[in-house]
Amino acid sequence: MVLNRVRAVFFDLDNTLIHTAAASRRGMLEVIKLLQSKYHYKEEAKTICDKAQVKLSKECFHPSSTCITDLRTLPWEEAILETKGGAANRKLAEECYFLWKSTRLQHMILAEDVKAMLTELRKEVRLLLLTNGDRQTQREKIEACACQSYFDAIAIGGEQKEEKPAPSIFYHRCDLLGLQPGDCVMVGDTLETDIQGGLNAGLKATVWINKNGIMPLKSSPMPHYIVSSVLELPAVLQSIDCTVSMST
């Protein structure tokens, strides 16, 4: 594969390169086992995990005011209290949180075919990892899946002034690597952050990873390309190159 027009690719991490959602589900299953075997909870175990999952999905992190451990222990504490009643059980909440966290990190793996794709792409273009989230959480994921060596640069939203979809985080990375936004492509699974961010920054193209065949809302950002797997990206990049070549 020879790419002349695309000079860099921005990749999202969660549910784009690694299966974060699946790893989180594995973590929840381990917590259910813990609650059932050690604490003799029955149906309450799944109820607690379901409640915690809903609360975790709605979390709002503010780096200047909140410790990520406190932020993510609280949903477990609330879920246990709502399900079992009585006094708050911080110790059990922490045990649940740390088991969930450690289990999901164990299952955050960069697949061999994804590694091979990144290795081949890096022969042609610069690769940048651009992920939103808390600094500690995202660094732990990056270490767990050992993806650092596949990228020319890594940017974590929690370490920057703004996260995706703000264009500033894209501009900053471009400046560091001597790139123009029009040289770059954004690849990610979330329309509101990855795709909207790429559009806001004026990148050459955006590629939406739509694994589940979701029908986006009419009000959602419109990606330039839609694929079901990140492994389809090389073909998309060649298509972008051909399209640009024919129009110049």
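Quick caveat, the model's predicted, so the values are computed rather than measured.

Enquirer: Hey, could you run me through the packing of helix H4 (residues 90–106) against helix H6 (residues 135–145) in this one?
Expert: Put simply, H4 and H6 touch, their axes get as near as 9 Å, and they point 40° apart. Comparing the axis directions of H4 and H6 gives the class oblique. Of the residues in H6, those in contact with Lys101, Arg104 and Leu105 of H4 are Gln136, Thr137, Glu140, Lys141 and Ala144. Tallied by class, the residues present in the contact of H4 with H6 amount to two nonpolar, two polar and four charged.

Enquirer: Explanation requested: empty space enclosed by the protein in the structure shown.
Expert: Across all of its chains, the model carries one cavity of 30 Å³ or more by this definition. If you trace the largest cavity, you find it lined by Arg72, Tyr97, Trp100, Lys101, Arg104, Leu105, Thr137, Glu140 and Lys141. Counting residues per element, the ones that place at least two in the lining of the largest cavity are H4 and H6. Residues of the lining of the largest cavity, tallied by class, amount to three nonpolar, one polar and five charged.

Enquirer: Quick question: what am I supposed to make of the sheet that holds strand E3 (residues 153–156) here?
Expert: Pairing between sheet strands relies on hydrogen bonds along the backbone, with the strands arranged either parallel or antiparallel. Taken in spatial order, the six strands of this open sheet run E3-E2-E1-E4-E5-E6, and their pairing is parallel. At either margin of the open sheet sits one strand with a lone partner, and together these are E3 and strand E6 (225–227). Between one strand axis and the next, the sheet turns through 20° on average, direction left out of account. Where helix H8 (residues 191–200) meets the sheet, it contacts strand E4 (184–188) and strand E5 (205–209), and its direction lies at approximately 170° from that of E5.

Enquirer: Explanation requested: the nonpolar core in the structure shown.
Expert: Note on soluble globular proteins: their nonpolar side chains tend to be buried together. Membership of the largest hydrophobic core comes to 35 residues, with the highest contact counts inside it found for Phe11, Leu17, Leu118, Phe151 and Leu233. The set of elements that each furnish at least two residues to this core consists of strand E1 (8–11), helix H5 (112–121), strand E2 (126–131), H6, E3, E4, E5 and helix H9 (233–247). Every residue in contact with leucine 233, bar those within four places of it in the chain, is listed here: Val9, Phe11, Met117, Leu121, Val187 and Val207. Counting residues in hydrophobic clusters, the runner-up holds 18 residues, among them Val31, Leu35, Ile48 and Cys96.

Enquirer: Help me understand the layout of surface pockets, please; the structure alone is not making it clear to me.
Expert: Gaps between atoms show up when a probe of the same size as a water molecule is rolled over them. By volume, the largest pocket amounts to about 860 Å³. In terms of lining, the largest pocket is formed by 35 residues, of which the most central are Asp14, Glu59, Arg72, Asn132 and Lys141. Here the residues of the lining of the largest pocket sort into seven nonpolar, 15 polar and 13 charged. The space that makes up the second largest pocket amounts to roughly 360 Å³. Lining the second largest pocket are 18 residues, and of these Asn15, Asp189, Ile209, Asn212 and Ile214 lie nearest its centre. Elements with a contribution of two residues or more to the lining of the second largest pocket: helix H1 (20–37), H8 and E5. At four residues, the largest contribution of residues to the lining of the second largest pocket is made by H1.

Definitions and cut-offs
Residues numbered from 1 in each chain as written. Predicted model: local features only at pLDDT ≥ 70, side-chain atom pairs only at ≥ 80, totals over all residues. Heavy atoms only, no water. Axes fitted to C-alpha atoms, helices over the stretch in contact; angles between N-to-C directions. Helix = DSSP H or I, 4+ residues; strand = E, 2+ residues; numbered from the N terminus. Parallel < 35°, antiparallel > 145°, perpendicular 65-115°, else oblique. Contact = heavy atoms within 4.5 Å. Nonpolar A, V, L, I, M, F, W, Y, C, P; charged D, E, K, R; others polar. 1 Å grid on protein atoms, 1.4 Å probe; cavity = no way out; pocket = protein on both sides within 12 Å on 5 of 7 lines; lining within 4 Å. Points joined across faces, edges and corners; volume = space filled by probe spheres on them. Pairing = 2+ DSSP bridges. Core = buried A, V, L, I, M, F, W, Y, C linked by side-chain atoms within 4.5 Å. Buried < 20%, exposed > 50% of the residue type's maximum accessible area, 1.4 Å probe, protein only.

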